[in-house]
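Summary of structural features
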Amino acid sequence: MTLQDLQQETQSFEVRVDGGAIKGKFRPRAYTPRVEQLVLGARESRSPASALAEALSRLLASWDLAADDGKPYPISAEALLDVPVVVLGDVFRAIASAMAPKETSAEPSGAG
């Protein structure tokens, strides 16, 4: 097994935007300490959106946002710099929400 093998698993996300939706897949295991540094550093950066674009370029596997020619919009850090910041933020929040640990119920399980 390689590090790349570990990072191939994907999860789905969906973001509502202007009456439509952007759907895609991201790689939760691509959230590494380096990506975490980008995310945390974005708060202190003079260009936080650039750090967000870089982090998303490492996490996104695919999405259905289309370019003007109808082809899938690229998910490279450079291309993401042209996507509205509010959309990048919404996508990142959707990914973060999907990755958040699920709360367990405090209810007794009845198994014992």
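These lines cover the structure that appears in this document, whether it is placed above or below.

What counts, and where the lines are drawn
- Residues numbered from 1 in each chain as written.
- Predicted model: local features only at pLDDT ≥ 70, side-chain atom pairs only at ≥ 80, totals over all residues.
- Heavy atoms only, no water.
- Helix = DSSP H or I, 4+ residues; strand = E, 2+ residues; numbered from the N terminus.
- Buried < 20%, exposed > 50% of the residue type's maximum accessible area, 1.4 Å probe, protein only.
- Contact = heavy atoms within 4.5 Å.
- Areas by Shrake-Rupley, 256 points an atom, 1.4 Å probe, with all protein chains shown as cover.
- Expected span 1.5 Å × (residues − 1).
- 1 Å grid on protein atoms, 1.4 Å probe; cavity = no way out; pocket = protein on both sides within 12 Å on 5 of 7 lines; lining within 4 Å.
- Points joined across faces, edges and corners; volume = space filled by probe spheres on them.
- Nonpolar A, V, L, I, M, F, W, Y, C, P; charged D, E, K, R; others polar.

What to know about the overall build of the chain
If you tally the helices and strands in the chain, you get five helices and three strands. Reading the secondary structure of the chain in the N-to-C direction produces α-β-β-α-α-β-α-α. A principal-axis box enclosing the C-alpha atoms of the chain has dimensions of 60 × 35 × 35 Å. Of all 112 residues assigned to the chain, the portion counted as buried reaches 29%. Partitioning the contacts of the chain with sequence separation of at least 6, the portion at a separation of at least 24 is 48%. Put simply, the chain shows about 7,700 Å² of open surface, and 51% of that area lies on carbon and sulfur atoms.

Some details on helix 5 (residues 85-99)
The periodicity of an α-helix, 3.6 residues per turn, causes residues three or four places apart in sequence to face the same way. In a regular helix each residue adds 1.5 Å, so 15 residues correspond to 21 Å; helix 5 covers 21 Å between its end C-alpha atoms and thus fits that length. For helix 5, every residue scored as buried is listed here: V87, L88, G89, V91, F92, A94 and I95. Elements in contact with the buried residues of helix 5: strand 1 (11-17), strand 2 (20-26), helix 2 (33-42), helix 3 (48-59), strand 3 (60-63) and helix 4 (77-80).

Examining the layout of surface pockets
Space inside the largest pocket adds up to approximately 200 Å³. Lining the largest pocket, in full, are L38, V39, A42, R43, P48, A51, L52, A55, G89, F92 and R93. At the level of elements, helix 2, helix 3 and helix 5 are the ones that each hand at least two residues to the lining of the largest pocket. Take the lining of the largest pocket: its biggest share by element is four residues, from helix 3. Its residues assigned to classes, the lining of the largest pocket shows eight nonpolar, one polar and two charged.

Honestly, it's all geometry; don't read function into it.
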